[in-house]
Amino acid sequence: MAQPQKVTDATAEPEQSPEVREKVELAKTFAFHLLKGIKQIGMYRHNEARFPEFLSKALEAISTYTEKFGPLSLKVEQQNFMLYGEALFSEESPLPYKFFRDGIRQLIFRPGLPLEELVTLTLIALSEPERGADDVLAQLWRAGMQQVEYVVVEGFSMEGANEDEVQVEVDKVVGYLYSRLQTNSDDFLRFARVSAEDLDAKLDGVEQIRGLVVGGRHATDDLKARIQREITEEENARLFPKLVGAVFQVVEGGVDDAALLEEIFLQLLDMLLLQEDFATVNQIVLKLRALSQREGGEDLGRLLNNFLHKMGEEQRLTRMGESLKTTRTRQPQDVTRYLQALGVDSVLPLLSVLETIELPENRVLLGDVLATFARDLPEPFVARLLSDRPQTVRDMVYILEKSNHPERIKMFGQVMKSPNLVVKLEVMQIIGRGRTAEARRIILDALTDSVSQVRMLAAKLLPEFDREKAFPDLVRQVRDPSWDKKTSDEKAAFYAAIGATNLPAALSMMQQLLSVKPSLLNKRRVMEDKLLAITGLGGAGSIQSYKMLQGVVEDKAQPLDVLTAARKAMYQTRKALFGDSALPEEAS
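Residues numbered from 1 in each chain as written. Predicted model: local features only at pLDDT ≥ 70, side-chain atom pairs only at ≥ 80, totals over all residues. Heavy atoms only, no water.

If you check an unreviewed UniProt entry, the chain appears there as HEAT repeat-containing PBS lyase from Corallococcus coralloides.

Some thoughts on the sheet that holds strand β4 (residues 104-109)
Here we have five strands laid out as an open sheet, ordered β3-β2-β1-β4-β5, and antiparallel in their pairing. If you trace the sheet from one side to the other, it starts and ends with β3 (86-87) and β5 (148-152), each paired once. Pairing geometry for strand β1 (residues 72-76) and strand β2 (residues 81-83), over two bridges, is antiparallel. Directly across from Lys 75, in β2, lies its bridge partner Met 82. Running over the sheet, helix α6 (residues 136-143) touches β4 and β5 and is turned about 140 degrees from β5. (Pairing = 2+ DSSP bridges. Helix = DSSP H or I, 4+ residues; strand = E, 2+ residues; numbered from the N terminus. Contact = heavy atoms within 4.5 Å. Axes fitted to C-alpha atoms, helices over the stretch in contact; angles between N-to-C directions.)

Brief notes about the environment of Pro 472
Mapped onto the fold, Pro 472 is located in helix α23 (residues 467-478). Each C-alpha atom of the pair Pro 472 and Ala 505 lies 9.9 Å from the other, and the pair is 33 residues apart in sequence.

With respect to helix α16 (residues 360-374)
Taking 1.5 Å per residue as the helical rise, α16 with its 15 residues ought to reach 21 Å, and the 20 Å between its terminal C-alpha atoms agrees with that figure. Buried within α16 are the following residues: Asn 362, Arg 363, Leu 365, Leu 366, Gly 367, Val 369, Leu 370, Ala 371, Phe 373 and Ala 374. (Expected span 1.5 Å × (residues − 1). Buried < 20%, exposed > 50% of the residue type's maximum accessible area, 1.4 Å probe, protein only.)

Some thoughts on the pattern of salt bridges
Pairing of side chains with opposite charge becomes possible as their charged atoms draw close. Tallied over the full model, the rule gives 26 salt bridges. Between Arg 21 and Glu 86 there is a salt bridge, with its nearest N and O atoms 2.3 Å apart. Remark: Glu 86 occurs in strand β3 and Arg 21 occurs in helix α1 (residues 18-43); sequence separation between them is 65 residues. For Arg 21, a relative accessible area of 28% translates into the label partly exposed. We note a salt bridge from Glu 401 to Arg 408, for which the minimum N-O separation is 3.2 Å. Accessibility expressed as a relative area gives 23% for Glu 401, which makes it partly exposed. If you follow the salt bridges from partner to partner, you end up with Arg 21, Glu 25, Lys 28 and Glu 86 in one network. (Salt bridge = Lys/Arg side-chain N within 4 Å of Asp/Glu carboxyl O.)

Some words on the pairing of β1
Most of β1 is tucked away, with four of its five residues classed as buried. Where β1 meets β4, four bridges bridge the pair, whose relative direction is antiparallel. The residue bridging Ser 73 from the neighbouring strand is Ile 108, located in β4. Counted along the chain from β1 to the antiparallel partner β2, the turn is four residues long.

Digging into the packing of helix α11 (residues 278-292) against helix α14 (residues 332-340)
Contact geometry of α11 with α14 gives a least axis separation of 8 Å together with a crossing angle of 40 degrees. Comparing the axis directions of α11 and α14 gives the class oblique. In this structure, α11 meets α14 at a crossing whose hand is left-handed. Note on element contacts: α14 touches α11 through Asp 334, Val 335, Arg 337 and Tyr 338, opposite Phe 278, Ala 279, Val 281 and Asn 282. (Parallel < 35°, antiparallel > 145°, perpendicular 65-115°, else oblique. Left-handed = near helix turned anticlockwise from the far one by under 90°.)

Regarding the nonpolar core
Tyr 338 and Leu 339 are the most contacted members of the largest nonpolar core, which totals 99 residues. Not counting chain neighbours up to four residues away, the residues in contact with Leu 339 comprise Leu 317, Met 320, Leu 350, Leu 365, Leu 366 and Val 369. Counting 45 residues, the second largest nonpolar core, distinct from the first, contains Ile 62, Phe 100, Met 145 and Val 148. (Core = buried A, V, L, I, M, F, W, Y, C linked by side-chain atoms within 4.5 Å.)

Quick notes on the confidence of the model for the chain
Residues of the chain with pLDDT of at least 70 account for 80%, and the chain-wide mean is 79. Ignoring residues within four places in sequence, the model shows residues 155-159, a span with pLDDT below 50, making three contacts including any to other chains. In this model, residues 161-171 is a region of pLDDT below 50 whose contacts with residues beyond four sequence positions or in other chains number 14 contacts. (pLDDT = per-residue confidence, 0-100.)

Quick notes on unusual backbone geometry
Positive phi values are uncommon outside glycine, yet Tyr 84 reaches one of about 55 degrees. Mapped onto the fold, Tyr 84 is located in the loop between β2 and β3. Positive phi outside glycine occurs at Asn 404, with the angle close to 60 degrees. Looking at the secondary structure, you find Asn 404 in the loop between α18 (390-403) and α19 (408-412). Overall, the relative accessible area of 44% leaves Asn 404 in the partly exposed class.

A short note on a nonpolar patch on the surface
A cluster of nonpolar residues, Leu 223, Ile 227 and Ile 231, forms a patch on the protein surface that exposes about 210 Å² of accessible area. Position of Ile 227 relative to the elements: it lies in helix α9 (residues 221-253). By relative accessible area, Ile 227 is classed as partly exposed at 38%. (Patch = residues over 30% accessible without salt bridge, like charges linked within 9 Å, V, L, I, M, F, W, Y side chains within 5 Å. Areas by Shrake-Rupley, 256 points an atom, 1.4 Å probe, with all protein chains shown as cover.)

Quick look at the structure:
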């Protein structure tokens, strides 16, 4: 894109003038509010209407800068945005790396930046190309923002260069490989991804390496497999336990350099996560906790807190999620202990990990851990109850129910607004187990829902709360003017629910319907009512209703369809009361 004119040079050496200091402070204020807005968006990701509200403070801050000093040009580095050589973010954030990864080295904000463009830029930065989204450059090009510009560093071709210019020395190759083993990047696992493809990409356009001749016999597949097994056995069975033991010997002997000790433990943590050795990580936590409780263990207490914080960082939890996505873990209890040691700051990353896991048992494992946080911090879970993804809603309902939060039934009421029928029915089953006044109110309101399946389930659940109250509520629906428009299945469900109350008034109601004599004008309506009464007696499932059904079967004046339905309901009631052994005549 075109180079901006007269923009602040973010690469210039910082000056100690008051104007430069003011520029840096205003830019830091913008970065602070931007990062805060991103966190709020992450918590309420499904409420897009509030995104402009979350970023309004950031817009005010950058408008203050541009109105006074003109365009703001930020240098993009891997871990931070820079202005006059000073980092703007006061805490770690993956945001700069997402731009840096796609070659963007400078972001320029011009005066008059509208809130819509700031929201668009933020959503592009939060997108995840590894999960199917377009890369950042493609999204920026498509957005066509007028007040936001960016400078991209492109690659270059070596075609046409003479032989001396493309000569690559062995030292350069070694230097590249060495650089892959040391980094200050947030990508803690980068050192583990050195491959031949990486080297090919680095040396793209180079046809040979001078002076290097490789010869010898190729290793057989059997030899490679045997060596690999030996390496794996050495790492898992002997190397890591010995390494951990050696580190704690050094710790107990006393170490003056706390920063060095923290670095050692972090490297241990990353190696163990690569091996999916959660048991050893848990042992390290237990050992550090025990040592920190000794007299004079304050420094080890700080080391433990830092170690736990690093365990819960997004990069490491994402790495764990990749191993849990489709593979059944060998030691689920070790994974559970690892997650239970994390703090509340890990809730949002864990919710993101949960959405990527496909294996049901691993979803349950992670849901059980999140339930321990949901009781004291329900907001992130409640915010996702209105998600468009049915599986996300199911997970949130499971977590809130597992947490036993006192207000969870009220929270579930929000799901009744969901357009997804399956989710609504599942949540109603859970609400039906609540047996509270709030739960009964939600089920009672569902009797008038616009979907017949919801009304039918509500009728079935209502007698389980209070039979005395359920009877008039159900009868009121039967006598409503809209009753005749309901389907036969829904009418049967309501009569079965009325019978399930097992009240004398309900049985008397069925008896009255069965005793009505049809006339030429109401024959069809009377037949329908008699069949519904049989359904109601079958729904009662009691000795008294069984005797009433038996009386109907013996009444030869009843229509054939009524006799057949009564005989079937009688056998089903008898089976429910006495079991299969009491039905020799049904078998015949």
